[in-house]
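Here's the letter readout for the chains.
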Amino acid sequence: MSEHGLHTHAPHEEALHAGGHGPGGGHSLNQWVAIFTALLAALGAVVSYQGNHLMNEVLLYKNEAVLKKTKATDQWNYYQAVSTKMHLMELAVDLAPPEKTAPFRKKISKYEGQKGDIKKAADQLEAESQAADEESARLNRPHNDMEIGMIFLQIAISLASITALTGRKWLFGAAILSALAGVGLWISAMVVM
């Protein structure tokens, strides 16, 4: 207290007493930036989790496509082996005396039946491989949008941090626009899935 009964506070005490509020009792720019940054960080965590989960699905379908393609290749190799055996039996029919061709003709019939079943299985595996590959590509598109959205959210956090350091309101506006772009991409990715 001063000699004249007037009580004054030092500037830092005034700031503490005001509780960090700006003129008129409103929130200061730094408080808005802090709240904004905290919300973006939380949203970024959600987007990152969903993006990682989606990438796992993309990879799962891609692996499924490769596995089915490998099995189809095995079936086509088996088909070729059976075809070769059948051609050898046809050659044997051509070279053997007519009275000794019955066992060869029986095997030719057997191989013809096998070839049909093998071809059907190989075609089915090819179709399953193609479907899994298409699903992987379909899921990869929204994943890319999520990744780009996450980049915009990170830019928004960086711009907000610079706003807190410099006090430039236009940077905060740029941060808000970047955040809106990120949220828009995230929402569009969620709708496509």
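Here's what I pulled together on the structure shown here.

The rules behind each value
- Along each chain, residues carry numbers from 1 onward, in the same order as the chain's sequence is written.
- The predicted origin of the model limits local features to residues at a pLDDT of at least 70 and limits the giving and counting of side-chain atom pairs to 80 or more, whereas totals for whole chains, interfaces and linings rest on all residues.
- As a rule here, side-chain values come from all non-hydrogen atoms in the structure, and water together with hydrogens is ignored.
- To define axes, lines are fitted to C-alpha atoms, for helices over the stretch in contact only, and angles between the resulting N-to-C directions are given on a 0 to 180 degree scale.
- For helices the rule is a DSSP run of H or I covering at least 4 residues; for strands it is a run of E covering at least 2, with both sets numbered from the N terminus onward.
- In these notes the angle categories are as follows: under 35 degrees is roughly parallel, over 145 is roughly antiparallel, 65 to 115 is roughly perpendicular, and the rest is oblique.
- For any helix crossing, the convention is left-handed if the near helix is rotated counterclockwise from the far helix by under a right angle, and right-handed if that rotation is clockwise.
- Each residue is assigned to one class: nonpolar for Ala, Val, Leu, Ile, Met, Phe, Trp, Tyr, Cys and Pro, charged for Asp, Glu, Lys and Arg, and polar for all the others, Gly among them.
- When a carboxyl oxygen of Asp or Glu lies within 4 Å of a side-chain nitrogen of Lys or Arg, that pair is called a salt bridge.
- The buried label goes to any residue with under 20% of its type's maximum accessible area, the exposed label to any with over 50%, and the partly exposed label to all in between, with areas taken from a 1.4 Å probe on protein chains only.
- Only residues whose relative accessible area exceeds 30% and that take part in no salt bridge are eligible for patches, with like-charged residues grouped when within 9 Å of each other and nonpolar side chains (Val, Leu, Ile, Met, Phe, Trp, Tyr) grouped when within 5 Å.
- Here, Shrake-Rupley sampling with a 1.4 Å probe gives the accessible areas, and only protein chains in the shown set may cover a residue.
- Two rings from Phe, Tyr or Trp (for Trp, the six-membered ring) form a pair when their centres sit within 6.5 Å of each other. Planes less than 30 degrees apart are called stacked, planes more than 60 degrees apart edge-to-face, and all others tilted.
- Expected span, for any helix, means 1.5 Å times one less than how many residues it has.
- When checking whether two residues touch, look at their non-hydrogen atoms; a contact exists if any pair is within 4.5 Å.
- Residues grouped as a nonpolar core are buried Ala, Val, Leu, Ile, Met, Phe, Trp, Tyr and Cys residues, joined through side-chain atoms within 4.5 Å.

Quick notes on the packing of helix H3 (residues 102-166) against helix H4 (residues 169-192)
Part 1 of the reasoning: Remark: H3 packs on H4, axes separated minimally by 7 Å, with the N-to-C direction vectors making an angle of 165 degrees. Overall, the two elements H3 and H4 adopt an arrangement that is roughly antiparallel. Like other packed secondary-structure pairs, H3 and H4 cross with a definite hand, here left-handed.
Part 2 of the reasoning: Residues that form the contact of H3 with H4 fall into these classes: 22 nonpolar, six polar and two charged.

What about the pattern of salt bridges?
Part 1 of the reasoning: Under the defined criterion, the tally for this structure stands at six salt bridges.
Part 2 of the reasoning: Here aspartate 133 ties to lysine 62 by a salt bridge, and the two come within 2.5 Å at their closest N and O atoms. Here aspartate 133, found in helix H3, pairs with lysine 62, found in helix H2 (residues 29-95); they are 71 residues apart in sequence, far enough to count as distant.
Part 3 of the reasoning: Among the residues examined, lysine 62 registers a relative accessible area of 37% and is labelled partly exposed.
Part 4 of the reasoning: The partner of lysine 69 in a salt bridge is glutamate 126, and the shortest N-O contact between them spans 2.9 Å. One end of the pair, lysine 69, is in helix H2; the other, glutamate 126, is in helix H3, and 57 residues separate them in sequence.
Part 5 of the reasoning: You can call lysine 69 partly exposed: its relative accessible area is 39%.
Part 6 of the reasoning: A single salt-bridge network, built from bridges that share partners, covers Glu64, Lys68 and Glu128.

Remarks on a nonpolar patch on the surface
Part 1 of the reasoning: A surface patch of nonpolar side chains, about 310 Å² in accessible area, is lined by Ile148, Ile151, Phe152 and Ile155.
Part 2 of the reasoning: Relative to the helices and strands, isoleucine 148 resides in helix H3.

Side note on the packing of aromatic side chains
Part 1 of the reasoning: Taken as a whole and assessed by the stated rule, the structure comprises two aromatic pairs.
Part 2 of the reasoning: With 5.2 Å between their ring centres and 80 degrees between their planes, phenylalanine 36 and phenylalanine 172 make a pair best called edge-to-face. Of this pair, phenylalanine 36 sits in helix H2 while phenylalanine 172 sits in helix H4, and the two are 136 residues apart along the sequence.
Part 3 of the reasoning: With a centroid separation of 5.6 Å and 80 degrees between ring planes, the pair formed by tryptophan 76 and tyrosine 79 is classed as edge-to-face. In this pair, tryptophan 76 and tyrosine 79 both sit in helix H2, three residues apart, roughly one turn of the helix.
Part 4 of the reasoning: The exposure class of tyrosine 79 is buried, given its relative accessible area of 19%.

Quick word on H4
Part 1 of the reasoning: With 24 residues, H4 extends 35 Å between its outermost C-alpha atoms, agreeing within 8% with the 34 Å of an ideal straight helix rising 1.5 Å per residue.
Part 2 of the reasoning: Looking at H4, one finds that the buried residues are Leu171, Phe172, Ala175, Ser178, Ala179, Gly182, Trp186 and Ala189.
Part 3 of the reasoning: Close packing links the buried residues of H4 with H2 and H3.

Here we look at the nonpolar core
Part 1 of the reasoning: Counting residues in hydrophobic clusters, the biggest one holds 19 residues, and the most contacted among them are Phe36, Leu40, Leu153 and Ala179.
Part 2 of the reasoning: Contributions of two or more residues to this core are made by H2, H3 and H4.
Part 3 of the reasoning: Per-element accounting of this core gives the leading share, seven residues, to H3.
Part 4 of the reasoning: Beyond its immediate sequence surroundings of up to four residues, alanine 179 is in contact with Phe36, Leu40, Phe152, Leu153 and Ala156.
Part 5 of the reasoning: One finds Val82, Val93, Tyr111 and Ile118 within the second-largest nonpolar core, a separate group that totals eight residues.

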